[in-house]
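Per-entry structural report
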Amino acid sequence: MTVPQPMMTAPSPTAHNSADPVEAIELDLLLEAIHRRYHYDFRSYSRPSLRRRADLLRRRLDCATLSDVQSRLLREPELLPVMTDCMTVQVSEMFRDPRYFRTLREKIIPHLRTFPSLKVWVAGCSAGEELYSLAILFREEGLESRTLFYATEINPSALARAEAGIFDLDRIPLFTANHQKSGGRSSLSDYYTAAYGAAVFDKSLRARTVFAEHSLACDAVFSEVHLVSCRNVLIYFDQPLQDRAVALFRESLAHGGFLGLGMNESLRFSGHADAFTPFASEDRIYRRSAMVPNREARHVAA
């Protein structure tokens, strides 16, 4: 999922206090307008995060109030890319939380090897860092040729960056260190070409990837998969939207498939907890249960 980089400009003196009831009404109306005009549904995202992102959008558009932002968005559709970049989350890195990828390599891959073909869903793929990490891991483990990847993202500009596979060269040392810590079997430099301050990742890494716009807030399931990796996305949702997203993962996963979440995310208190069994709790990896009891969900371990 995509987060805007922080603006370096100072907050406007006209910015409202987050507790201002008028601003709360303006935010609700702005979100409703975005949904009705452009079909992007942010209404169930976490309010504190939305307030920050809406204020970023207000400053980007040089508006005094969120009501002014709403007016401009309704009448100027060319501002849609600015809106999606500000209202979505774009912070990620390759092999982020290396231990997660090491656990995938050592504990999940042996189970995935038992399937004749595989499908992997990277939900909220941002600019593609998670996708390329998984593609490299699956190549190193000999599973790439029988795996189809789905990379989905609500932000079309981020999705385009993911499909291009180009990253700033100054990010590569961190990516390389993460890859090594994750148990990488080769050098990360084997997978990209450096030129003009950028690292261009090999096209073959995305040859078996379907890139698609998809919203966890309003879109449906599109395929049965064996692994869902959706990390650091649910933390931006309120509880009902978290439950909706987990329900999509439940419906998408084959029995015995795996769900990977971010280190600050959990299925604890989820309305669909009974559909999953903790598999590697410390790494937030869960397994789709074979049977789902028709009763109120039990709390699972974090």
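Residues numbered from 1 in each chain as written. Predicted model: local features only at pLDDT ≥ 70, side-chain atom pairs only at ≥ 80, totals over all residues. Heavy atoms only, no water.

**Some details on the overall build of the chain**
- When you go through the chain residue by residue, the secondary structure sums to nine helices and 10 strands.
- By element, 53% of the accessible surface of the chain is carried by carbon and sulfur atoms, the whole surface being about 13600 Å². (Helix = DSSP H or I, 4+ residues; strand = E, 2+ residues; numbered from the N terminus. Areas by Shrake-Rupley, 256 points an atom, 1.4 Å probe, with all protein chains shown as cover.)

**Quick word on the side chain of E144**
- Among the secondary structure elements, E144 is positioned in the loop between α6 (129-140) and β2 (147-153).
- Not counting chain neighbours up to four residues away, the residues in contact with E144 comprise F138, R139, S204, L205 and R208. (Contact = heavy atoms within 4.5 Å.)

**Here we look at the packing of aromatic side chains**
- Following the criterion strictly, the structure yields 13 aromatic pairs and no others.
- A ring pair is formed by F167 and F175, whose centres lie 5.9 Å apart and whose planes are at 85 degrees; its orientation type is edge-to-face.
- According to the relative accessible area criterion, F175 is buried, its value standing at 0%.
- In this structure an aromatic cluster arises from ring pairing among Y132, F167, F175, Y192 and F201.
- One residue, R231, lies across the ring of Y100, its end atom 4.0 Å from the ring centre. (Phe/Tyr/Trp six-rings, centres within 6.5 Å; stacked < 30°, edge-to-face > 60°. Buried < 20%, exposed > 50% of the residue type's maximum accessible area, 1.4 Å probe, protein only. Lys NZ or Arg CZ within 6 Å of the ring centre and 35° of its normal.)

**Concerning the packing of helix α2 (residues 47-60) against helix α3 (residues 66-75)**
- Here α2 crosses α3 at 70 degrees, and the two axes come no closer than 9 Å. By the angle between their directions, the pair α2 and α3 is classed as roughly perpendicular. Crossing geometry of α2 relative to α3 is assigned as left-handed. Contacts from A54, L57 and R58 of α2 reach α3 at L66, V69 and L73.
- Taken together, the residues of the contact of α2 with α3 sort by class into five nonpolar, no polar and one charged. (Axes fitted to C-alpha atoms, helices over the stretch in contact; angles between N-to-C directions. Parallel < 35°, antiparallel > 145°, perpendicular 65-115°, else oblique. Left-handed = near helix turned anticlockwise from the far one by under 90°. Nonpolar A, V, L, I, M, F, W, Y, C, P; charged D, E, K, R; others polar.)

**Examining the packing of α2 against helix α4 (residues 80-87)**
- Between α2 and α4, the least distance of the axes is 8 Å, while the angle of their chain directions is 145 degrees. The way α2 lies across α4 gives a crossing that is right-handed. Here α2 contributes L50, R53, A54, L56, L57 and R60 to the contact with α4, which in turn contributes V82, M83, C86 and M87.
- Tallied by class, residues from the contact of α2 with α4 come to eight nonpolar, no polar and two charged.

**Things to note about the nonpolar core**
- Among the nonpolar cores identified, the biggest contains 47 residues, and F42, L73, L216, F237 and F249 are the most heavily contacted of them.
- Those elements that provide at least two residues to this core are α1 (21-38), α2, α3, α4, β1 (118-123), β7 (225-229), α9 (239-252) and β8 (253-260).
- One finds F149, F167, F175 and L188 within the second-largest nonpolar core, a separate group that totals 38 residues. (Core = buried A, V, L, I, M, F, W, Y, C linked by side-chain atoms within 4.5 Å.)

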